[in-house]
Amino acid sequence: MLSPSRTKFRKQFKGRIKGAAKGGTALNFGEYGLKALEPERVTAREIEAARRAITRQMKRAGRVWIRVFPDVPVSKKPAEVRMGSGKGAPEYWVAKIKPGRILFEIDGVDHETAKEALRLGASKLSIHTKFISRVV
C-alpha cells in the first residue's frame, strides 16, 4: 500500500476540503481517466483496491498511472479508551481529493476495456467519479 517513507510531523489536523482542484485536472499521461466529482478523503487501501481491480480487468495489458498519493495521516484512539490523554496514534494514510482531480489514468487498451476497468476501479472508491477520455 502507498504511504510516505518519512514525514516531518507524525500527526496532522483534520482540516476541511474546500473548493475545486487547482491542478491535476487534465489527462497528462493516458488516453482514459477517472475524475473525482466530490470532495472526500480516499484511503490508501481504497487506492490499492481500485488499482488491483483496474489491472485485473485490463489483463495486465496497457499502463496504469495513479495520480493521487495518500500523504495525510489519520490518527485514531483505541476502542473503549476514556476521553483525554492526547491524540491517538496514526492509524492509516489518506489522500485529500477535491472535485475535478484525476485519480487514475490508463492507456494501451481499447475504449470498452478502459471504460469497464475504470468502472470496476471506481466501485472500490468511496467517492463519485466520472469516466473521461482524451478527445482525438
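Residues numbered from 1 in each chain as written. Predicted model: local features only at pLDDT ≥ 70, side-chain atom pairs only at ≥ 80, totals over all residues. Heavy atoms only, no water.

Q: Explain the pattern of salt bridges here, please?
A: Once the charged atoms of two side chains with opposite charge are near each other, the side chains can pair. Counted by the stated rule, this structure contains 4 salt bridges. Between Glu105 and Arg67 there is a salt bridge, with the nearest N and O atoms lying 2.2 Å from each other. Of the two residues, Glu105 sits in strand β6 (residues 102-107) while Arg67 sits in the loop between β3 (63-66) and β4 (72-76), which places them 38 residues apart along the sequence. Across the pair Glu116 and Arg119 runs a salt bridge, and its minimum N-O distance is 2.7 Å. With Glu116 and Arg119 both in helix α2 (residues 111-123) and 3 residues apart, this pair spans about one turn of that helix. Here Glu116 falls in the partly exposed class, since its relative accessible area comes to 27%. Arg119 gets classed as partly exposed once you look at its relative accessible area, which sits at 48%. (Salt bridge = Lys/Arg side-chain N within 4 Å of Asp/Glu carboxyl O. Helix = DSSP H or I, 4+ residues; strand = E, 2+ residues; numbered from the N terminus. Buried < 20%, exposed > 50% of the residue type's maximum accessible area, 1.4 Å probe, protein only.)

Q: I would appreciate a short explanation of the packing of aromatic side chains in the present structure.
A: The relative placement of two aromatic rings is captured by the distance of their centres and the angle of their planes. Applying the stated criterion to the full structure yields 2 aromatic pairs. Relative to Trp65, the ring of Phe29 lies with its centre 5.7 Å away and its plane at 20 degrees, an arrangement referred to as stacked. One end of the pair, Phe29, is in the segment before β1 (32-36); the other, Trp65, is in strand β3, and 36 residues separate them in sequence. A relative accessible area of 43% means that Phe29 is categorised as partly exposed. (Phe/Tyr/Trp six-rings, centres within 6.5 Å; stacked < 30°, edge-to-face > 60°.)

Q: Please explain α2 as it appears in this structure.
A: Think of an α-helix as turning once every 3.6 residues; residues three or four places apart then point the same way. With 13 residues, α2 should cover 18 Å at 1.5 Å per step; its first-to-last C-alpha distance of 18 Å lies within 8% of that length. Within α2, burial applies to Ala114, Ala117, Leu118, Gly121 and Ala122. Relative to the axis of α2, the buried residues are bounded by an arc of 135 degrees and lie together on one face. Among the exposed residues of α2, those oriented more than 90 degrees off its buried face are Glu112 and Ser123. (Expected span 1.5 Å × (residues − 1). Arc of directions from axis to C-beta.)

Q: What am I meant to see in the sheet that holds strand β5 (residues 89-97) here?
A: Note: strands within a sheet are paired through backbone hydrogen bonds, in either parallel or antiparallel orientation. Across the sheet, 3 strands lie side by side as β2-β5-β4; this open sheet has antiparallel pairing. The open sheet is flanked by β2 (40-43) and β4, the only strands paired with a single partner. For this sheet, the mean angle separating the axes of adjacent strands, direction not counted, is 50 degrees. Pairing between β4 and β5: 5 bridges, direction antiparallel. Residue pairing in the sheet places Val74 in a bridge with Tyr92 of β5. Along the sheet, helix α1 (residues 44-57) makes contact with β2 and β5, crossing β2 at roughly 65 degrees. (Pairing = 2+ DSSP bridges. Axes fitted to C-alpha atoms, helices over the stretch in contact; angles between N-to-C directions. Contact = heavy atoms within 4.5 Å.)

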